[in-house]
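Residue-level structure breakdown
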Amino acid sequence: MTAKIIDGKSIASELLDNIKEEIITRTNEGHSSPTLAVILIGENPASKIYVGRKIMACEKTGIRSISHNLKDDISEEELLSIIKECNQDKDIDGILVQSPLPEHISEEKIIEAIDPKKDVDGFTPHNIGLLAIKTPILRSCTPYGVIKMLNTLNINLEGLDAVVIGQSNHVGRPMFLELLLAKCTVTICHSKTKNVQEKISQADIVVSAVGVPNFVKGEWIKDGAIIIDIGITRLDNNKIVGDVEFDIAKEKAAFITPVPGGVGPMTVATLMENTLIAQKLP
Ligand code: GUN
């Protein structure tokens, strides 16, 4: 079998067009443009690229973005006070604090300081909790982007055996919850998991988010499986690669996401959707 390569870029672009249309309709009805505060700390080159893409998507959809580019020696207190101001500002609908943060700042404290109604990354305990009890509102962008992508392709997830690789708070865990919500039977693998190969080889859908090139061997994949690659690594030769041995995997899978051009654009698009959702919250 040769897999259908999922074009995340075009699915995301369609989603951005729909968001733009809705924002035009809403502004014609007298609503203001949704507004996203984008907080970037330091000079991490990858973070600068990601934030640049998010700001470009705001421009494309008609979302106003307000950038806070902060020095990496900013104190935790100063950052908390910026978040507090954003929480209190009625003109701001969403707050994005790009991670990773400098080591002297507690990511947990920063995330918990964000008003859950403005938590467009879907990272706060409140929003993760809502997803866990099957009533999500603002959903973590990457896992939600994966689900939207599969829905667009009319892939029915009910009853599938899913394996998530990686247990991070931002991706692996909410991905587990999203797949459970979609009625998959979900296994989550991490560094202490036994027989990862065996688990992957039995999976109808594999979602990998470890950031280790070629972690998922193509030959492990079950014929006809759905392979979603969230890993992203820049090699020494500057090539960007995912976690999956793509060339071999694509000969076994039914669907596979490329890296780049797969899940990445969906993360940005769902951030825009969340900002619009946040604006509409009572
Ligand atoms: N760093 C890498 N990905 C993300 C993301 O989706 N949101 C935030 N806030 N930081 C990130």
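Up top is the structure.
This one's a predicted model, so the numbers in the text were calculated from it and none came from an experiment. (Residues numbered from 1 in each chain as written. Predicted model: local features only at pLDDT ≥ 70, side-chain atom pairs only at ≥ 80, totals over all residues. Heavy atoms only, no water.)

Some details on the overall build of the chain
Within the chain, the regular secondary structure consists of ten helices and eleven strands. Taken over C-alpha atoms, the radius of gyration comes to 19 Å for the chain, in line with the 19 Å a tight globule of 282 residues would show. When the 282 residues of the chain are sorted by exposure, 48% land in the buried category. Relative to all contacts within the chain whose residues are 6 or more apart in sequence, the contacts with residues 24 or more apart total 72%. For the chain, the accessible surface area stands at approximately 13700 Å², while carbon and sulfur atoms represent 51% of it. (Helix = DSSP H or I, 4+ residues; strand = E, 2+ residues; numbered from the N terminus. Rg over C-alpha atoms; globule rule 2.2 N^0.38 Å. Buried < 20%, exposed > 50% of the residue type's maximum accessible area, 1.4 Å probe, protein only. Contact = heavy atoms within 4.5 Å. Areas by Shrake-Rupley, 256 points an atom, 1.4 Å probe, with all protein chains shown as cover.)

Brief notes about the site of the ligand
Taken together, Lys54, Leu96, Val97, Gln98, Ser99, Asp121, Phe123 and Thr267 form the complete shell of residues around the ligand. Here a nitrogen atom of the ligand sits 3.1 Å away from a polar atom, N or O, in the side chain of glutamine 98. One of the backbone N or O atoms of serine 99 is found 2.9 Å from a nitrogen atom in the ligand. The fraction of the free accessible surface of the ligand (280 Å²) that becomes covered by protein chains is 80%. If you map the ligand onto the pockets, it falls in the largest pocket. (Near = heavy atom within 4 Å. Polar contact = N/O pair within 3.5 Å; in protein donor to acceptor, adjacent residues only side chain to side chain. 1 Å grid on protein atoms, 1.4 Å probe; cavity = no way out; pocket = protein on both sides within 12 Å on 5 of 7 lines; lining within 4 Å. Sits in = over half its atoms within 2 Å of the grid points.)

Observations regarding the nonpolar core
Most often, soluble globular proteins keep nonpolar side chains buried together rather than apart. Counting 46 residues, the largest nonpolar core has Leu36, Leu157, Leu179, Ile205, Ile228 and Met272 as its most contacted members. Counting residues per element, this core draws most heavily on helix H10 (residues 263-280), which supplies eight residues. Once you skip the residues sitting within four places of it in the chain, leucine 157 turns out to touch Ile147, Leu150, Leu179, Ala182, Lys183, Cys184 and Ile205. (Core = buried A, V, L, I, M, F, W, Y, C linked by side-chain atoms within 4.5 Å.)

Details of the side chain of aspartate 93
Checked against the element boundaries, aspartate 93 lands in the loop between helix H3 (76-88) and strand E4 (94-97). Salt bridges are absent for the buried aspartate 93, whose nearest opposite-charge side chain, lysine 118, sits at 6.7 Å. Of the polar contacts made by the side chain of aspartate 93, one reaches the backbone nitrogen of threonine 35; its length is 2.8 Å. Filtering out sequence-adjacent residues up to four positions away, aspartate 93 remains in contact with Ser33, Pro34, Thr35, Lys117, Lys118, Thr275, Ala278 and Gln279. (Lys, Arg positive; Asp, Glu negative; His and termini not counted. Salt bridge = Lys/Arg side-chain N within 4 Å of Asp/Glu carboxyl O.)

Examining the side chain of lysine 118
With respect to the helices, strands and loops of the structure, lysine 118 is situated in the loop between helix H4 (107-113) and helix H5 (125-132). Buried lysine 118, no salt bridge; nearest opposite-charge side chain is aspartate 115, N-O distance 5.5 Å.

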